[in-house]
Amino acid sequence: MRDINASIPFDKRLWRQDIAGSRAHAAMLGAQGIIAAADAAAIDAGLAAIAAEYDAGGVPVDPALEDIHMTVETRLAALIGPAAGRLHTARSRNDQVATSFRLWVRDAVDAVDAGLAALTDALLARAAEHADSVMPGFTHLQVAQPVTLGHHLLAYVAMTGRDRGRFTDLRTRMDECPLGAAALAGTGFPIDRQATATALGFARPTANSLDSVSDRDFALEFLSAAAIAGLHLSRLAEEIVVWASQPFGFVALPDAFSTGSSIMPQKRNPDAAELVRGHSGRLIGCLTALMVTMKGLPLSYSKDMQDDKPPVFEGYDLLALALAAMTGMVATLTFDTDRMRAVAASGFSTATDLADWLVREAGVPFREAHHITGRAVRAAEDAGCGLADLPLATLQAIDARITAGVFDVLSVDASVASRTSFGGTAPANVRAAIAAARAAA
């Protein structure tokens, strides 16, 4: 029973939040005259001393004390004597746990946001560096149309922006303090819940005492946002893995973010990217674990909810590490832009530009232009060359409306430069998008 009941091995991470909540609660009890001012002052001084001890030497783990909350309270009693027993007036471990956990998740949200901001900055820096660098754009992992590398990297900036938005929304929604809800029904003491909420940096106290101690939506939302962010990191990691392979040869990873083989001395394996990709699966597992834990719990508190913290702690650790690793990789990748350009020119990637030219310059309906372009692609395949290398006579034999002006759009540079619609890949668009992203940061 001691082993299954104790949570101190993992919830010791909450010590800063627990002490902050207790100091706010004691101050409120003193201000309201619920406990003597001298006792409130002794409690506050004792809690400050415990914080200094834990900061210097860590939290002692005694399974007999069950959790971080009893660990702190027991140490407080050893330091200040009977006055420590007054701290728990008008409070239950239920609202104490809910408050400490909510404070921890709020801090985790801020740390993740900082990590996402750092990754965004790294992506923007590389996008600016490669606003004009041409690479193949893919659908179905087949060469589709030329794009710029800067534009490709900005796609991930869009993703990190949405990730940051989800964490910001979560932080706003969880900006309520459960402290004072007590076990489940509130308390008969004349407490000031707004005072403790304000002292702990919350906008307001929670409105329903039952929901206050049983709500873990903030933890679920944190893991949901973390899992989605992990999916985005995994997609970029997968691209790095593919791009670093010899058949692609688009990027080279520095030694700091790759490893060798135990048997093949020539290998440079993209292990950091592969582990970021792997972490995304574990993040989904953390979310699933907590959802399954919460799905059947009646109001208000059940001991199952002690298992809410390990998946959240693990999820945070996984995401924070993946963000740091991906930021480092993005900042230090070496892009082989010549190789990217060569592949971008393959696979008749400017075929759509030929069709668009026919529509724009010759007034051909797009569906007809599509068929004309298909015949031009077949001619290029038969000749073993690219569309831009076909003689004008060959193109005019396919359709007499084609003129020499078509060659102005058939190069990969001309193709990307022409994509000036809002959100398109043109270098000018990329530079404008980077400026807008930096201004919004």
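Summarised in this report is the structure supplied together with it. Since we're looking at a predicted model, the values are computed, not measured.

**Points about the overall build of the chain**
So, point 1. From N to C terminus, the chain includes 18 helices and six strands.
So, point 2. Here the C-alpha radius of gyration of the chain, 30 Å, is well above what a compact globule of 441 residues would show, namely 22 Å.
So, point 3. Each of the three principal axes of the chain carries a C-alpha extent, and together these read 100 × 55 × 40 Å.
So, point 4. For the chain, the proportion of its 441 residues judged to be buried stands at 47%.
So, point 5. At a minimum sequence separation of 6, the contacts of the chain that also span at least 24 residues come to 75%.

**Digging into the layout of surface pockets**
So, point 1. There is about 360 Å³ of room inside the largest pocket.
So, point 2. Around the largest pocket sit 18 residues that line it, and Phe138, His152, Tyr156, Arg235 and Glu239 are the ones nearest its centre.
So, point 3. Secondary-structure elements contributing two or more residues to the lining of the largest pocket are strand 1 (134-139), helix 7 (149-173) and helix 10 (217-243).

**A closer look at the environment of Gly278**
So, point 1. Following the sequence through the fold, Gly278 ends up in helix 11 (residues 271-294).
So, point 2. Sequence-wise, Gly278 and Ala237 are 41 residues apart; in three dimensions their C-alpha atoms are separated by 9.5 Å.

**Things to note about helix 4 (residues 37-57)**
An α-helical segment advances 3.6 residues per turn. Residues three or four places apart therefore align on the same side.
So, point 1. Helix length check: helix 4, at 21 residues, gives a terminal C-alpha distance of 30 Å against a target of 30 Å (1.5 Å per residue), a fit within 8%.
So, point 2. Listing the buried residues of helix 4 in full gives Asp39, Ala40, Ile43, Gly46, Leu47, Ile50, Ala51 and Tyr54. Mapping the buried residues of helix 4 onto a view down its axis gives an arc of 145°, with all of them on the same face. When the buried face of helix 4 is taken as reference, the exposed residues oriented beyond 90 degrees from it are Ala37, Ala38, Asp55 and Ala56.
So, point 3. Its buried side turned inward, helix 4 meets helix 3 (15-31) and helix 5 (68-80).
So, point 4. Positive phi shows up at Gly58, right after helix 4, with a value of about 85°.

**Overview of the packing of helix 3 against helix 4**
Helix-helix packing: each pair is described by the crossing angle between the helix axes and the interaxial distance.
So, point 1. Contact geometry of helix 3 with helix 4 gives a least axis separation of 9 Å together with a crossing angle of 170°. Classified by the angle between their axes, helix 3 and helix 4 sit roughly antiparallel to one another. Taken together, the residues of helix 4 that come into contact with helix 3 (itself represented by Trp15, Arg16, Ile19, Ser22, Arg23, Ala26 and Gly30) are Ala40, Ile43, Asp44, Leu47, Ala48, Ile50, Ala51, Tyr54 and Asp55.
So, point 2. For the contact of helix 3 with helix 4, the per-class residue count stands at ten nonpolar, two polar and four charged.

**Digging into the pattern of salt bridges**
So, point 1. Using the criterion set out here, one finds 26 salt bridges in the structure.
So, point 2. Residue Asp317 pairs with Arg13 through a salt bridge whose shortest N-O separation is 2.9 Å. Within this pair, whereas Asp317 is found in helix 12 (residues 309-332), its partner Arg13 is found in the loop between helix 2 (8-11) and helix 3, the two being separated by 304 residues in sequence.
So, point 3. The exposure class of Asp317 is partly exposed, given its relative accessible area of 36%.

**A look at the side chain of Ser92**
So, point 1. Tracing the backbone shows Ser92 in the loop between helix 5 and helix 6 (93-129).
So, point 2. Ser92 gets classed as buried once you look at its relative accessible area, which sits at 14%.
So, point 3. In this structure the side chain of Ser92 is engaged in a polar contact, spanning 3.0 Å, whose partner is the backbone nitrogen of Asn94.
So, point 4. The contact partners of Ser92, leaving out residues within four places of it in the chain, are Ala182 and Ala183.

**Considering the packing of aromatic side chains**
So, point 1. What the rule picks out here adds up to nine aromatic pairs.
So, point 2. Taking 5.7 Å as the distance between ring centres and 65° as the angle between the ring planes, the aromatic pair formed by Phe167 and Phe222 counts as edge-to-face. Highlighted residues: Phe167 in helix 7 and Phe222 in helix 10, separated in sequence by 55 residues.
So, point 3. The exposure class of Phe222 is buried, given its relative accessible area of 0%.
So, point 4. Considering the side-chain rings of Trp243 and Phe250, the 6.3 Å spacing of their centres and the 50° angle between planes classify their relative orientation as tilted.

Calculation rules
Residues numbered from 1 in each chain as written. Predicted model: local features only at pLDDT ≥ 70, side-chain atom pairs only at ≥ 80, totals over all residues. Heavy atoms only, no water. Helix = DSSP H or I, 4+ residues; strand = E, 2+ residues; numbered from the N terminus. Rg over C-alpha atoms; globule rule 2.2 N^0.38 Å. Buried < 20%, exposed > 50% of the residue type's maximum accessible area, 1.4 Å probe, protein only. Contact = heavy atoms within 4.5 Å. 1 Å grid on protein atoms, 1.4 Å probe; cavity = no way out; pocket = protein on both sides within 12 Å on 5 of 7 lines; lining within 4 Å. Points joined across faces, edges and corners; volume = space filled by probe spheres on them. Expected span 1.5 Å × (residues − 1). Arc of directions from axis to C-beta. Axes fitted to C-alpha atoms, helices over the stretch in contact; angles between N-to-C directions. Parallel < 35°, antiparallel > 145°, perpendicular 65-115°, else oblique. Nonpolar A, V, L, I, M, F, W, Y, C, P; charged D, E, K, R; others polar. Salt bridge = Lys/Arg side-chain N within 4 Å of Asp/Glu carboxyl O. Polar contact = N/O pair within 3.5 Å; in protein donor to acceptor, adjacent residues only side chain to side chain. Phe/Tyr/Trp six-rings, centres within 6.5 Å; stacked < 30°, edge-to-face > 60°.

Just geometry here; none of it tells us what the structure is for.
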